[in-house]
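Listed below are the residues making up each chain.
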Amino acid sequence: MTQQTFVAYFNSVPDAQRAADALASAGLGRDAIRIHAEPEGTTAHHEEHKGFWDSITDFFMPDDDRQIYDEGVRRGGATLVAQSDEARADGIADILENNGAVDVDEREAAWRQEGTGGAAAVAAPRAHDKGEHGEEAIPVAEEHLRVGKRQVNQGRVRVRSYTVETPVEEDVSLRKESVNVERRPADHPAHEGDEALFRDRTITAEEVDEEAVVAKEARVKEEVVVKKDAVEDTQTIRDTVRHTEVDVEDDRKGRSK
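Residues numbered from 1 in each chain as written. Predicted model: local features only at pLDDT ≥ 70, side-chain atom pairs only at ≥ 80, totals over all residues. Heavy atoms only, no water.

Draft legend 1. Molecular detail of the overall build of the protein. When helices and strands are counted, the protein shows five helices and five strands. Reading the helices (α) and strands (β) of the protein from amino to carboxyl end gives β-α-β-α-α-β-α-α-β-β. Of all 257 residues assigned to the protein, the portion counted as buried reaches 18%. Long-range pairs, those at least 24 residues apart, make up 79% of the contacts in the protein between residues at least 6 apart in sequence. Accessible surface computed for the protein: about 23100 Å², of which carbon and sulfur atoms make up 46%. (Helix = DSSP H or I, 4+ residues; strand = E, 2+ residues; numbered from the N terminus. Buried < 20%, exposed > 50% of the residue type's maximum accessible area, 1.4 Å probe, protein only. Contact = heavy atoms within 4.5 Å. Areas by Shrake-Rupley, 256 points an atom, 1.4 Å probe, with all protein chains shown as cover.)

Right, dumping it as C-alpha cells:
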C-alpha cells in the first residue's frame, strides 16, 4: 500500500506534541511520527534543518517550502511529520487540523508583511575562498533538477446520515361486539313432564372488541457509497538549471594561451 507523508506546522512544541499524542491514540505508531523543533535557548544551523529533512526517507519537498517550515521552527514553532498508508490519509488530516495545525501559506504571507521575506535567510555560497598561500579559488557549481511530488488538498466531500421522523396515518376498520340482556313477556302453558323448566341453567356471553396493532418494518431502499477513484497523469516539468562557466583571459605578453 502506498505510503504518504504529512507535514504540519504548529505554533508551539506543546501543540505539536498534543497532535502527536492524538495520532498515536488513533493507532499510528510513534516511530512514524517526528517533531522538528529548536532546543530551548539554542539556534539551529541551516545544516541541522537540512539534516532533518534528509533523514525522512522517500520524501521530497521543494527547498522554498522547507525554508518556510524552518522559519517557523526558528520562531519557536514546531514541524510535525507523520508517515502512514493511504487508507488513513483523511483521518490523519482531520486529526492534525483539529489539533491546531497552521496554514503555512497564510503564515508565510503574514511574515512577508512583517518584512522578513517569508523564510529564514540561508547563507549563500561564497564567490571565492582565499587559501593560506594567497591563492584564490572560484567554485564551479552546477544545478540538477529534482522533481518530486506532494499532496495538495483540493477540498473534501462529507456524507452525513441522520434520522427524520415523518407523520403517517392509515384507516383501519375495527369490530366491536356487545352483549344485551332483555326480558320478553310470555304466556303459554308448559308441556307436561317438562322438568327442564325447573333445572338450574347458566348462559355466558363475552363481549369482544378489536383494537389496532401497530408494527414497523425497516427496509433498505437505497445505498450511498463513498469511494475515491485515482488516476495517474504524466506532467512534463520545464524549468532552468544553472551552472558556472569560467573564462580565463590572459593578456600577458610572451605567454601562449
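Following the structure, the description resumes.
Draft legend 2. Up close: the nonpolar core. Grouped together as the largest cluster of nonpolar side chains are 17 residues, with contacts concentrated most on F10, L23, L28, I33, L80, I92 and L96. Of all the secondary structure elements, the ones that give two or more residues to this core are β1 (3–10), α1 (13–25), β3 (78–85) and α4 (89–98). Setting aside chain neighbours within four positions, we find L96 in contact with F6, A8, F10, A19, L23, L80 and A101. Core analysis: the second largest hydrophobic core is formed by eight residues, Y9, I68, Y69 and W111 among them. (Core = buried A, V, L, I, M, F, W, Y, C linked by side-chain atoms within 4.5 Å.)

Draft legend 3. Main features of the sheet that holds β3. Spatially, β1-β3-β2 is the arrangement adopted by the three strands of the open sheet, whose pairing is antiparallel. Each edge of the sheet is formed by a strand with only one pairing partner; in this case those strands are β1 and β2 (33–36). Taken over all neighbouring pairs, the strand axes of this sheet differ in orientation by 20° on average, direction set aside. Sheet analysis places β2 next to β3, joined by four bridges and oriented antiparallel. Directly across from R34, in β3, lies its bridge partner V81. (Pairing = 2+ DSSP bridges. Axes fitted to C-alpha atoms, helices over the stretch in contact; angles between N-to-C directions.)

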